[in-house]
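Structural features, examined
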Amino acid sequence: MKNKTYKILGLMSGTSMDGLDCCLCDLSIDNNYNLNYKIIDSKTFPYKPKTIQIVKDAIKDPSKTNYHSDYLGQEFADISSVFLKNRTIDLVGTHGQTIQHIDKIMSKQIGNPNFLLKKLNVPIVYNFRQNDIESGGNGAPLMPFLDWLIFKNNQKDTYTLNIGGISNLSKISNHIERNKVIGFDTGPGMSLIDEFVNKIWGENMDLNGRFSSDGTIIDKLEKQLLTNPFIIKTPPKSTGRDEFGSTIINKILKDYNNYSNKDILRTLISFTAKSIFINLVKFLKFNGKNFNFYINGGGAHHPILIKDLKNECQIDTLSLLEDIGLNEDNKEALLISVLALCKFLNIPANMPNVTGSKGNIVLGDILFNKD
């Protein structure tokens, strides 16, 4: 019997903090993890400066966030309404905006889902990390679940790299079981680069390497950054902007105030590439032979970062998800849609070898209208 197909809206606000990714898709999944999906529409809605500041304020003081969560929840609801254009849906999955994460202890997202419930009047699935943490896991990263669903039938080993604010890796071998998949955060993605560019030049990103292309790597700084214990920490592991964000940038500006800003930025890019490569080799045994390698996230568009990464890996090509018919900018929102459907159907979606959680865990909470 054919599985029922659901029309689902997935919402993702990542560590880049630059906008809300919206993905409308048709989805079906069964208890044997056979996934079928069709993306109907997707779009990223850039945040207003006020919204970005709201998120930054919440990260600075995560203990007082009711206002911030309500503000962002209303933004999610308004953006979703504009995106849907009165199209009918069955379910919404919303990740919220992570403002604090401590492995195995807590993970806090803002973006009150009640505003979505009131606006769209369909079940809302949210809070995807908590059940994993309560089962002894890190609660992150979540992406290896979707990677496994999509790539588990590939004949070659498949490496996936997401470079958002934070970078995370997965390795999917042919017919590997869900509880044996390896995936983890490697350290910074665009977080340090974007934070530095915003602080020095008032821009949100180093678009096409406009600020870094003339820079020279500062060896002393790079070596210092590479001593960060998270880079060589053994998985399971996950991190966030609270660890790779403004605190590091402020210290660099204090300790390296006699150096060119362009040189500092160029060093941050090189450090980011090296931190990814170190994790590829140390924990995923990457040797550059007989593999597929897919990359997505905002960092996939940064020419100097990608050049550095290719040089480190000694490979000529890093494939984009578009090569297999998946838009690289909506993958995370698709993941949230899939997680929402798994919760709705009571299907476990945790990845024990990725997060360290025990048993088969259904992720997320769900809101229904009382009437």
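In this text the structure is predicted, and so the values were computed from the model without any measurement.

On to the pairing of strand E7 (residues 157-163), then. When you tally the buried positions in E7, you get 6 out of 7 residues, the bulk of the element. Pairing geometry for E7 and strand E10 (residues 291-296), over 6 bridges, is parallel. Among the inter-strand pairings, Asp157 is bridged to a residue of E10, identified as Phe291. Pairing geometry for E7 and strand E8 (residues 166-172), over 6 bridges, is antiparallel. By the bridge assignment, Thr160 is partnered in E8 with Ser170. Where E7 hands over to E8, the hairpin turn is made up of 2 residues, counted between the paired strands.

Membership of the largest hydrophobic core comes to 44 residues, with the highest contact counts inside it found for Leu268 and Phe293. Those elements giving two or more residues to this core turn out to be E7, E8, helix H6 (191-201), helix H7 (219-225), helix H8 (246-255), helix H9 (261-284), E10 and helix H10 (303-313). Looking at which element gives the most residues to this core, the answer is H9, with 10 residues. Contact partners of Phe293, with chain neighbours within four places excluded, come to Tyr159, Leu161, Leu280, Phe286, Ile315, Leu318 and Ser319. Core analysis: the next-biggest nonpolar cluster, separate from the first, contains 40 residues, Phe128, Leu149, Ile176 and Ala333 among them.

Before going further, it helps to spend a moment on the layout of surface pockets. By volume, the second largest pocket is sized at about 340 Å³. Lining the second largest pocket are 13 residues, and of these Lys56, Ile59, Lys60, Glu195 and Ser246 sit closest to its centre. Those elements that place two or more of their residues in the lining of the second largest pocket are helix H1 (49-60), H6 and H8. Here the lining of the second largest pocket takes 4 residues from H1, the largest share from any one element.

The next subject is the packing of aromatic side chains. Scanning the model with the defined rule gives 18 aromatic pairs in all. Both rings, one in Tyr256 and one in Tyr259, keep their centres 5.4 Å apart while their planes meet at 55 degrees; by these two values the pair is tilted. Tyr259 gets classed as partly exposed once you look at its relative accessible area, which sits at 38%. Seen from their ring centres, Phe286 and Phe291 are 5.1 Å apart, and the 75 degrees between their planes marks the pair as edge-to-face.

All right, on to the side chain of Ser80 then. Here Ser80 is to be found in helix H2 (residues 66-84). Each residue touching Ser80, except ones within four places of it in the same chain, is listed here: Leu9, Leu11, Leu116 and Leu120.

This part covers the pattern of salt bridges. All told, the structure shown has 13 salt bridges when counted by the stated rule. A salt bridge links Asp308 to Arg266; its shortest N-O distance comes to 2.8 Å. With Asp308 in helix H10 and Arg266 in helix H9, this residue pair connects regions lying 42 residues apart in the sequence. When sorted by exposure, Asp308 lands in the same class as Arg266, which is buried.

Further remarks concern the packing of H6 against H9. Where H6 meets H9, the closest approach of the two axes is 9 Å, and the angle between their N-to-C directions is 170 degrees. Judged by the inter-axis angle, H6 sits roughly antiparallel to H9. As for the relative orientation of H6 and H9, their crossing is left-handed in sense. Across the interface between the two elements, Leu192, Ile193, Phe196, Val197, Ile200 and Trp201 from H6 touch Asn261, Lys262, Ile264, Leu265, Leu268, Ile269, Phe271 and Thr272 from H9. Of the residues in the contact of H6 with H9, the class split is 11 nonpolar, 2 polar and 1 charged.

A few words on the side chain of Ser13. Residue placement: Ser13 occurs in strand E1 (residues 6-13). Separated by 2.5 Å, the side chains of Ser13 and Gln97 make a polar contact. With sequence-adjacent residues up to four places away left out, Ser13 is seen in contact with Gly19, Leu20, Tyr47, Phe76, His95, Gly96 and Gln97.

Definitions and cut-offs
Residues numbered from 1 in each chain as written. Predicted model: local features only at pLDDT ≥ 70, side-chain atom pairs only at ≥ 80, totals over all residues. Heavy atoms only, no water. Buried < 20%, exposed > 50% of the residue type's maximum accessible area, 1.4 Å probe, protein only. Helix = DSSP H or I, 4+ residues; strand = E, 2+ residues; numbered from the N terminus. Pairing = 2+ DSSP bridges. Core = buried A, V, L, I, M, F, W, Y, C linked by side-chain atoms within 4.5 Å. Contact = heavy atoms within 4.5 Å. 1 Å grid on protein atoms, 1.4 Å probe; cavity = no way out; pocket = protein on both sides within 12 Å on 5 of 7 lines; lining within 4 Å. Points joined across faces, edges and corners; volume = space filled by probe spheres on them. Phe/Tyr/Trp six-rings, centres within 6.5 Å; stacked < 30°, edge-to-face > 60°. Salt bridge = Lys/Arg side-chain N within 4 Å of Asp/Glu carboxyl O. Axes fitted to C-alpha atoms, helices over the stretch in contact; angles between N-to-C directions. Parallel < 35°, antiparallel > 145°, perpendicular 65-115°, else oblique. Left-handed = near helix turned anticlockwise from the far one by under 90°. Nonpolar A, V, L, I, M, F, W, Y, C, P; charged D, E, K, R; others polar. Polar contact = N/O pair within 3.5 Å; in protein donor to acceptor, adjacent residues only side chain to side chain.

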